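Here is what each chain is made of, one letter per residue.
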Amino acid sequence: MIDPYNYSPQISKNKKNNEQPPDVAGTGNPGSTSVGKRYNPHPNRYVKKPSNRPVSSGSVNIPVIDMKDLESEELSVRRKATGMINSACREWGFFQVVNHGVSHELMARSREAWRGFFVLPMEEKLSYANKPSTYEGYGSRLGVEKGISLDWSDYFYLHWLPVEMRDHNKWPSLPVSCRVLVAEYSKEVVKLGIKLMKIFSTNLGLEENHLQEAFGGDEMSACMRINYYPKCPQPDLTLGLSPHSDPGGFTLLLPDQDVSGLQVRRVDRWISVNSAPNAFVVNLGDQLQIVSNANYKSVEHRVMVNSERERVSLAFFYNPKVDLLMKPAEQLVSGAEPPLYPAMTFDEYRLYIRTRGPSGKSQVKSLIKHNSPRCLMHE
């Protein structure tokens with residue numbers, strides 16, 4: 001096979017001068033940083049096995065919910081909107097929201113500020129490099145399991161909640177607008193997340209604030225990962241992000257408006273997602289599947305890359321307080337519907353995920369108790 005992952009001219013020059021490239025993902029140092037495709041001494045590690053290479057069974061518009069309908073004076077309109085969210089959570093685990101209250105201008109400016117960061121000189125980006133003990137900062141590798149194939153992407157990961165975890169000094173100072181936009185954008189997205197949590201709760205037959213309280217109330221956690229997918233010479237051989245379900249509560253994704261790439265698994269087929277203009281893609285995570293006792297489903301998804309254009313997306317993770325025990329809500333458990341999952345803190349679950357890296361839905365499936373015929377439906 002022709003190796004599609006040629007070193008950049010900069011790296012060729014470094015090699016000629018016998019200079020050592022920086023320590024990067026894929027060299028055996030867990031948590032080491034970027035950018036594997038430019039520096040990695042084993043570029044074939046980005047080539048996926050034939051069975052894991054990108055294919056598509058077509059594209060589809062996943063359910064689109066107009067959030068304005070939730071405030072309609074007509075009861076039938078409100079019920080239709082909440083019903084659409086309920087069906088999407090139970091059948092898809094994915095949906096889109098429009099007219100959500102977050103400024104379209106703020107969304108666009110935030111996305112473009114981060115695009116500006118990723119095209120900065122390498123020295124500037126490496127000043128924010130993450131460390132083996134944390135993902136916070138700039139990096140390229142998810143998971144520390146040795147020997148796994150790598151994904152064709154870089155990311156910047158930062159904490160927003162709880163407040164004591166927030167460190168503005170770890171956020172990029174360039175572009176100059178970045179730090180201000182991170183704060184403004186995160187505040188607005190959390191407001192949207194609170195609205196959705198109330199809808200999720202009532203749709204499950206719970207009190208309106210049940211899920212928010214189960215997540216820790218004001219002490220919930222939230223973080224953001226900004227994804228950058230560079231142009232790839234042979235996108236048919238690799239992935240920008242391997243198949244996985246998100247480990248937390250749910251994710252509010254701001255996709256690239258010009259370049260598609262997100263795929264969801266539905267009935268054993270990979271379907272490309274067509275994002276609606278100025279929409280957030282909402283995907284449920286493993287913690288909502290656990291708390292809902294699998295009435296709601298987290299969804300397996302992945303990202304393809306593009307040979308002609310880079311792609312930027314912002315994933316905002318709405319998560320439980322890290323040290324709270326997460327388990328199925330008592331109101332959703334009965335003799336006929338026993339709890340499918342054991343109690344586990346989100347931090348314990350997250351560390352488990354981080355060790356293994358993206359691995360489909362195998363992590364949440366591995367927790368299912370085999371004490372009910374119902375468990376067979378979720379394996």
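This is a predicted model, so every value here is computed, not measured.

Caption draft 1: Spatial organisation of the nonpolar core. Of all hydrophobic cores here, the largest spans 62 residues; its most connected members are Phe-95, Trp-114, Phe-200, Phe-250 and Phe-280. Here this core gets 12 residues from one element, more than from any other, and that element is helix 6 (residues 178-203). Residues contacting Phe-250, with those up to four places away along its chain left out, are Gly-193, Leu-196, Met-197, Phe-200, Val-282, Asn-283, Leu-284, Gly-285, Leu-288, Phe-316, Phe-317 and Tyr-318. Tyr-135, Leu-241, Leu-262 and Ala-315 belong to the second largest nonpolar core, which has 24 residues in total.

Caption draft 2: Here's a closer look at the sheet that holds strand 3 (residues 94-98). Strand order in the open sheet formed by eight strands is 2-3-11-8-13-6-5-4, with mixed pairing between adjacent strands. In the strand order of this sheet, the two ends are held by strand 2 (64-66) and strand 4 (137-139), each with one partner. Strand-to-strand twist across the sheet, computed as the mean angle between neighbouring axes with direction ignored, equals 25°. Summarising the sheet, strand 6 (residues 221-229) and strand 13 (residues 311-319) pair through nine bridges and their orientation is antiparallel. Residue pairing across strands places Asn-227 opposite Ser-313, the latter belonging to strand 13.

Caption draft 3: Focus on empty space enclosed by the protein. Under the definition given, this model contains three cavities of 30 Å³ or more. Lining the second largest cavity are 17 residues, with Arg-225, Asn-227, Leu-253, His-301 and Ala-315 positioned closest to its centre. Going through the elements one at a time, strand 6, strand 7 (241-244), strand 8 (250-254), strand 12 (301-303) and strand 13 are the ones with two or more residues in the lining of the second largest cavity. With four residues, strand 13 is the single largest residue contributor to the lining of the second largest cavity. When the residues that make up the lining of the second largest cavity are grouped by side-chain class, the tally is eight nonpolar, six polar and three charged.

Caption draft 4: Representation of helix 4 (residues 104-118). If you check helix 4, its first and last C-alpha atoms are 22 Å apart, about what 15 residues at 1.5 Å a residue would give, namely 21 Å. Leu-106, Met-107, Ser-110, Arg-111, Ala-113, Trp-114, Arg-115, Phe-117 and Phe-118 are the residues of helix 4 that are buried. At the N-terminal end of helix 4, a side-chain oxygen is found 3.2 Å from the backbone nitrogen of Glu-105, two or three residues along, and the residue is Ser-103.

Caption draft 5: Inspection of the pattern of salt bridges at higher detail. A full pass over the atoms with the stated rule returns eight salt bridges. As a salt-bridge pair, Lys-48 and Asp-151 come within 2.7 Å of each other at their nearest N and O atoms. Placement of Lys-48 in the loop between helix 2 (36-39) and strand 1 (59-60) and of Asp-151 in the loop between strand 4 and strand 5 (154-161) is noted, with a sequence separation of 103 residues between them. Neither residue differs from the other here; Lys-48 and Asp-151 are each classed as buried.

Definitions and cut-offs
All chains use their own residue numbering, which begins from 1 and follows the written sequence. Per-residue local features are limited, in this predicted model, to residues with pLDDT of at least 70; the limit for side-chain atom pairs, both in listing and counting, is 80 or more; totals at the level of whole chains, interfaces and linings are taken over all residues. To obtain the side-chain values, all non-hydrogen atoms of the structure were used and water was disregarded. Side-chain atoms within 4.5 Å are what join buried Ala, Val, Leu, Ile, Met, Phe, Trp, Tyr and Cys residues into a set we call a nonpolar core. Each residue's exposure class comes from its accessible area (1.4 Å probe, protein chains only) as a fraction of the maximum for that residue type: buried when under 20%, exposed when over 50%, partly exposed otherwise. Helix numbers and strand numbers start at the N terminus; a helix is a DSSP run of H or I with at least 4 residues, a strand a run of E with at least 2. By definition, residues are in contact when any of their heavy atoms lie within 4.5 Å. DSSP bridges decide pairing: two strands pair if at least two such bridges lie between them. Helix axes use the C-alpha atoms of the stretch in contact, all axes being lines fitted to C-alpha atoms, and the angles between their N-to-C directions lie in the range 0 to 180 degrees. As defined here, a cavity is a set of points on a 1 Å grid over the protein atoms alone where a 1.4 Å probe fits but cannot get out. A pocket is an open set with protein on both sides within 12 Å along at least five of seven lines, and residues line them when an atom is within 4 Å of a point. Grid points are joined across faces, edges and corners, and a volume is the space filled by probe spheres set on the points. Each residue gets one label: Ala, Val, Leu, Ile, Met, Phe, Trp, Tyr, Cys and Pro are nonpolar, Asp, Glu, Lys and Arg are charged, and the others, such as Gly, are polar. Helix span, as expected, comes to 1.5 Å for every residue beyond the first. Two N or O atoms count as a polar contact when they lie within 3.5 Å, although within protein this holds only if one can serve as hydrogen donor and the other as acceptor, and sequence-adjacent residues are included solely when both atoms are side-chain atoms. Whenever a carboxyl oxygen of Asp or Glu lies within 4 Å of a side-chain nitrogen of Lys or Arg, that contact is scored as a salt bridge.

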